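# Coordinate inspection notes
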Amino acid sequence: MGITSFRDPIHGFIDVEPLELEIINSAPFQRLRHIRQLGTTYLVYHGAEHTRFGHSLGVMHLVSKAFDSAVTNYEIRYGVPLFSSDVRAHYRKLLRIIALTHDLGHPPFSHAGEGVFEDGVKHEWFTKKILHETEIAKILRNSSDITSELIWLIYGEKDSEALKNPDYILPDFKFLKGFMDSDLDCDKMDYLLRDSYYCGVNYGKYDVNRLIDSLNTYKKGGVLQLAVERGGLYAFEEFVIARHFMFVQVYFHKTRRYLDMLLSSALKDFWGNKISEDTPLDVYLSSHDGVALKDFQEKEGTESNARRFLNRDIMSCVYETPVQSGRSENNIFKLIHNLILGNFPNVSVAVDSAEKVITDIPVINTYDAESGVGTPILTNYSSTPRDLLSESNLLSGLHQPINIKRIYAEREKAEEIKSSIRELTRGG
Amino acid sequence: MGKALLAIIQKIKNETGGNPGKKQLHKLVYLMQAKGISLGYEYGIHFYGPYSEELNNDLLRLCINGDVSFQIKGQTHEIEPVDTDESVSVSPENEQVIDSVIRQYKDTSPYDLELITTAHFVAVNLGSSENEILKGVKRIKGDKYPEAKILQTVGHLKAEYGI
C-alpha cells in the first residue's frame, strides 16, 4: 500500500502512512467528522463548521515536522545526535499516532459538550477506552511496535502509574509528551490556525513555519525539554498573542459562552443522565453532533432547553469586566451584580467567568529555571536558557492572566438594566 | 483550597522574609501533605520533581482574584501575597503541620527540596525500600544526584516521614 494524501485547507497535502490510514478509516475515527471542533461557535461565527477529524490530521502533520526540527536542530547546535536513528524513527512514528488519536474521546460538540460530564470525568477517559477497547486496539496490535498501552502510557497516564511501568522511558517520554501537551504543543499550533481560518478571523494566525523551524531541545541532567531558538522569538511572540486574542475573541465569546450553557441543559435531556465513567462505550460512540441535534429537533415541541438552543434563544450580556481585571474591577462586578439582583428581582440573570475554564486560560509561562515550567529560549550568548518575558517586552502586558466576568439578563429587560448600570457607574 | 494556599504563602513570607518561588511552594505543600494534612492537591512528576497542576490552577485563581501577584526575579517566579482584609486562616491542626514544615525547610535549597520530594514520591508510588528509592530517583533524575546524597535523603525520609 502506498502513501495516501489528504487535502487540508490549512496545511495543504497531508501524507499518511498505511497504519495511520487504517486508523483513519476506523469507525471511532470517522465519528470525528461529526464532532464540531468549536462546539456551538458555528452559531456565532457561521464558518466554524470544522470538525475534530481535520484537526487530528493537522496535529499529526505538524507533530512530525516539529519533532524533526527539534531533533535535527539539536544535532546541529551540539554536534551529537539526540537519539539513535532507530529510536528517532520509532519516536516519530509513535508521536504521529498519538497526535492522530488524541481527540478520539470527545463528546458531541467537543468541550462544550463536557458540561454534562460528572465531576472529575474528562473526555480523555473515553479516549483511553476507545484506544484499548475498539477496532483501533486491534489495528495497533497488528502493527509491529506501537500499542494502545504505549500510546496511553506516554500521553495520558498519571505519573504515579506510568513510573511503575518498566516500559516508561525517562526523560524521553516526557519530552515526547511536550509536543502534545505544553505551552508550545502541536495541538495549539494547529487549532489556532484552523479555528482562525474557519471562523473567518485573523487573530489566530502566526508564522507556523518559522516557529517550527526554530524548535530545538534543551538537555540538562535528567531534563529533556522542547525549546525555541532565539531566532524564532518573534514567531513565538505571534503564537502567544494569537492564543490571547483567540481566547478573548472566539473561545470565550460572550454569545458562544451563553450558547454553551444552553447546550449543556439540552444535552442533559439528550443523555438522560450525566456522563460518567460507567457510560457504556458503544452508547458514547453512537453519539455525535448530528444525533444530538436530531434529538433536539424531535423534542423541540416538548423540551424548552432543546427549543431554546435550536432557536438561539439567548440572554443579553449586560455587563462585562475588562479582560485583565484586578481586585477593584472584581469588586465593581460584585456591586453591579448585587444591584441587578436587588433592583430586578424577577428577572432571570446568569453569571459567567473565565475562572470557570481556568485550565483553558492562556497563561504566559515564562521559563522558570527552578520549576521547569515554560519554554526555554536558547541563545548563542548564554549557556543557560532565557525566558520569554526577559527576551520580549512586547508580551509583558499580557503577563497578568485573563479575568473576564460577565452578567447576562433576559433580553427584554437588558436595556433597562444597562441603563441602571450606567447610572451607577456614571462619573466613575 | 485557594484560601489555605494563600495562608501558606503568607506564612512562608512571614517566616522567611521573602516571597516563595513557585518550585519552593510546590515542594513545601507536597511535604505538608506528606506529613498528613489534606490540602487536596494531586502531584505528578515535572521536570524538576513533584508538581501539582491543581496547585498551579489555584495560584492562577488567587492571581485573578487579586490575592497574589507573580514577580519575575531572574529566572524564578516569585509569588507575592497582596494585602488582604479577608481572614485567611487554616484549622489549628493543619496550622501546626504547615508551620513546622515551613520552619524545617525554610533554609533548604530548591536543589535539596527537589531530591527530598522526589525520593518521597518514589517511596510512596514505587516502593519504599532503600534500593527501590535509590533506583527510582536515578530513573527520574538521571545522574543529577550522587548516590550518597540520595541515601542520606532516604535516612531523612525514614526519620521524618516513617518511610
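Computed from a predicted model, the values in this text were never measured in an experiment.

### Points about helix 7 (residues 147-161) of chain B
Residue and element names in this part refer to chain B. Between its first and last C-alpha atoms helix 7 spans 20 Å; for 15 residues at 1.5 Å apiece the expected length is 21 Å, and the two agree. Taken together, the buried positions of helix 7 are occupied by Ile150, Thr153, Val154 and Leu157. Taken around the axis of helix 7, the buried residues stretch over an arc of 110 degrees, which confines them to a single face. Away from its buried face by more than 90 degrees, helix 7 exposes Ala148, Gly155 and Ala159. In this fold, the buried residues of helix 7 make contact with helix 5 (110-125) and helix 6 (130-141). Positive phi shows up at Gly162, right after helix 7, with a value of about 65 degrees.

### Quick word on helix 2 (residues 22-34) of chain B
Helix length check: helix 2 of chain B, at 13 residues, gives a terminal C-alpha distance of 18 Å against a target of 18 Å (1.5 Å per residue), a fit within 8%. Where helix 2 of chain B ends, the next residue or the one after it, B:Gly36, has phi of about 110 degrees, a positive value.

### Concerning the domain arrangement of chain B
Residues and elements named next belong to chain B. The domains assigned to chain B are domain 1 (1-106) and domain 2 (108-163). Here the C-alpha centre of domain 2 lies 22 Å away from the C-alpha centre of domain 1. Domain 1 puts 12 residues into the contact, and the matching count from domain 2 is 10 residues. Among the elements of the structure, helix 2 and strand 2 (49-51) are those that each provide at least two residues to the side of domain 1 that touches domain 2.

### Concerning the environment of B:Asp112
Residues and elements named next belong to chain B. In this structure, Asp112 sits in helix 5. C-beta crowding within 10 Å serves as the criterion here: with 17 such atoms nearby, Asp112 is assigned to the partly exposed category. Once the C-alpha coordinates of Asp112 and Ile9 are considered, the two residues, 103 residues apart in sequence, prove to be 20 Å apart.

### What to know about the sheet that holds strand 5 (residues 316-320) of chain A
Residue and element names in this part refer to chain A. An order of 5-8-6 is seen for the 3 strands of this open sheet, with the pairing classed as antiparallel. Strands with a single pairing partner mark the edges of an open sheet, and in this sheet they are strand 5 and strand 6 (349-353). Between one strand axis and the next, the sheet turns by 25 degrees as a mean value, whatever way the strands run. Two elements, strand 6 and strand 8 (residues 405-409), share 5 bridges in a ladder whose sense is antiparallel. Residue pairing for strand 8: Ser353 is matched across the bridge by Lys405. Against the sheet, helix 17 (residues 327-343) engages strand 5, strand 6 and strand 8, with an angle of about 15 degrees to strand 8.

### Quick notes on the interface of chain B and chain A
In this complex, chain B contributes 30 residues to the contact, which on the side of chain A involves 30 residues. For the side of chain B that touches chain A, the elements supplying multiple residues, two or more each, are helix 2, strand 1 (44-46), helix 3 (53-64), strand 4 (76-81), helix 5 and helix 6 of chain B. With 5 residues, the single largest contributor to the side of chain B that touches chain A is helix 3 of chain B. Among the residues forming the side of chain B that touches chain A, the class breakdown is 11 nonpolar, 12 polar and 7 charged.

### Here we look at the packing of helix 1 (residues 2-16) of chain B against helix 3 of chain B
Residue and element names in this part refer to chain B. Across the interface, helix 1 lies against helix 3 with an axial gap of 10 Å and an inter-helix angle of 85 degrees. Our classification of the angle between helix 1 and helix 3 gives roughly perpendicular. Residue-level inspection shows Gly2, Leu5 and Leu6 of helix 1 in contact with helix 3, the latter providing Leu55, Asp58, Arg61 and Leu62. Here the residues of the contact of helix 1 with helix 3 are counted per class, giving 4 nonpolar, 1 polar and 2 charged.

Thresholds applied
Residues numbered from 1 in each chain as written. Chains lettered and ligands numbered in written order. Predicted model: local features only at pLDDT ≥ 70, side-chain atom pairs only at ≥ 80, totals over all residues. Helix = DSSP H or I, 4+ residues; strand = E, 2+ residues; numbered from the N terminus. Expected span 1.5 Å × (residues − 1). Buried ≥ 20, exposed ≤ 12 C-beta atoms within 10 Å, placed from the backbone. Arc of directions from axis to C-beta. Contact = placed C-beta atoms within 7 Å. Domains from an automatic or database assignment. Pairing = 2+ DSSP bridges. Axes fitted to C-alpha atoms, helices over the stretch in contact; angles between N-to-C directions. Nonpolar A, V, L, I, M, F, W, Y, C, P; charged D, E, K, R; others polar. Parallel < 35°, antiparallel > 145°, perpendicular 65-115°, else oblique.

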